[in-house]
Number of protein chains: 2
Amino acid sequence: MPAPVFREQLRDTDPDQIERLVRSTEFFSPEEIGIARELADDALANREHSHYRFVFAEQNGVLAGYACFGRIPGTRSAWDLYWIVVGPPSQAQGVGRQILCRVEARVSAAAGDQLYAETSSREQYAPTRRFYSRCGFKQAAEFPDFYAPGDGKIVYVKLLAGS
Amino acid sequence: MPAPVFREQLRDTDPDQIERLVRSTEFFSPEEIGIARELADDALANREHSHYRFVFAEQNGVLAGYACFGRIPGTRSAWDLYWIVVGPPSQAQGVGRQILCRVEARVSAAAGDQLYAETSSREQYAPTRRFYSRCGFKQAAEFPDFYAPGDGKIVYVKLLAGS
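Not measured: the values here are computed from a predicted model.

Asker: Can you help me understand the relation of the copies chain A and chain B in this one?
Answerer: The second copy of the chain is related to the first by a rotation about an axis and a shift along the axis. Between the two copies, chain A and chain B, the superposition gives an RMSD of 0.0 Å; the rotation angle is 180° and the shift along the axis is 0.0 Å. On this basis, the relationship between the two copies can be described by a two-fold rotation axis. Judged by C-alpha distance, Ala141(A) is the residue of chain A that lies nearest the rotation axis, at 2.8 Å. The share of interface residues of chain A whose copies in chain B are also at the interface is 100%, consistent with both copies meeting through the same surface.

Asker: Is there a simple way to think about helix α3 (residues 95-109) of chain A in this case?
Answerer: Structurally, the α-helix is built with 3.6 residues per turn, so residues lying three or four positions apart point the same way. All names here are of chain A. Given a rise of 1.5 Å per residue, 15 residues ought to cover 21 Å, and the 21 Å separating the end C-alpha atoms of α3 matches this to within 8%. Residues of α3 that are buried: Val 95, Gly 96, Ile 99, Leu 100, Val 103, Glu 104 and Val 107. Looking at the residues trailing α3, positive phi occurs at Ala 111, about 70°.

Asker: Is there a simple way to think about the packing of helix α1 (residues 14-24) of chain A against helix α2 (residues 30-46) of chain A in this case?
Answerer: Each pair of packed helices can be described by the angle between their axes along with the distance between the axes. All names here are of chain A. Direction vectors running N to C along α1 and α2 enclose 160°, while the axes themselves pass 9 Å from each other. When the axis of α1 is compared with that of α2, the two are roughly antiparallel. You can see that α1 and α2 cross each other, and the crossing is right-handed. From α1, Asp 14, Pro 15, Ile 18, Glu 19, Val 22 and Arg 23 reach across to α2, where they touch Ile 33, Ala 36, Arg 37, Ala 40, Asp 41 and Leu 44. When the residues that make up the contact of α1 with α2 are grouped by side-chain class, the tally is seven nonpolar, no polar and five charged.

Asker: Please clarify how unusual backbone geometry should be interpreted in this entry.
Answerer: Leave glycine aside and you will find that most residues have negative phi; peptide bonds, for their part, are mostly trans. Even without being glycine, Ala111(A) reaches a positive phi, approximately 70°. Within the secondary structure layout, Ala111(A) lies in the loop between α3 and β5 (114-120). The exposed category is assigned to Ala111(A), around which 12 C-beta atoms lie within 10 Å. Look at Asn60(B): it is not a glycine, yet its phi comes out positive at around 55°. When you line up the elements, Asn60(B) lands in the loop between β2 (53-59) and β3 (62-71). Judged by the 11 C-beta atoms lying within 10 Å of it, Asn60(B) falls in the exposed class.

Conventions and cut-offs
Residues numbered from 1 in each chain as written. Chains lettered and ligands numbered in written order. Predicted model: local features only at pLDDT ≥ 70, side-chain atom pairs only at ≥ 80, totals over all residues. Least-squares fit on C-alpha atoms with pLDDT ≥ 70 in both. Contact = placed C-beta atoms within 7 Å. Helix = DSSP H or I, 4+ residues; strand = E, 2+ residues; numbered from the N terminus. Expected span 1.5 Å × (residues − 1). Buried ≥ 20, exposed ≤ 12 C-beta atoms within 10 Å, placed from the backbone. Axes fitted to C-alpha atoms, helices over the stretch in contact; angles between N-to-C directions. Parallel < 35°, antiparallel > 145°, perpendicular 65-115°, else oblique. Left-handed = near helix turned anticlockwise from the far one by under 90°. Nonpolar A, V, L, I, M, F, W, Y, C, P; charged D, E, K, R; others polar.

What follows is the structure in structure tokens.
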């Protein structure tokens, strides 16, 4: 695959592309796919007033991966990484790490100093958890059975440079 | 004060009353007061499609306290207690506990079995933390400096009967 091209501006076609990308991973439930799409719809509808920020990676003109993030309301400088997804054809090439690097740069530029990410404790998500660990996140909490019986939530946090 | 009267239906006048009540506690930032109001505005705009549920307590025809709660998207049976507030004239009379009891009954009736609540680690919130402990919540996590330096987030969870 060619080197990814990154952009931060949301386009009208992104909600459809995001839905297709998130579905293609076969990782997410229909409700989760709907939520991923809704955040992009919200950002298109509310433009600069939207709470949600994005980083997109394209390869061969197609969405290869993306992240959605935003400041956590009520906090001074804590941000949430709501979504980071790389499609199967682009996985294991460092695309996720490059997307995350751009997210962190934008959070830092906005005076954010903590980046939170949540994922599942299920075996299926072991690669996701390894990704966060390799990228400098530390486990901050675990909530057993949060998503469903036997499917806990693990919360990671990364303290960003300057904090 | 007379015994509170409870209701669950949201009225057009509730966003204003909620804003006044939340402000009257002198506990919340302008941003937090705005969020409390927004959840009620959302519920009025979207009616039965809204994510947010409410319990209101009135004394002498005035809003004495309320709770706002909802199922956590992406979870099977975890609910979030977004807000529970009792105004100064009605505090220390068991109103908060009675509101919470009604919240728990509705969550259980909707097959919810975990109720999450978040609060601050600051000294000012010691009465809030005691309230959750007395009402059967257990601390599930602590995130230092989450809201601001020296102002951490504490997450409580209560497992509801039947779970």
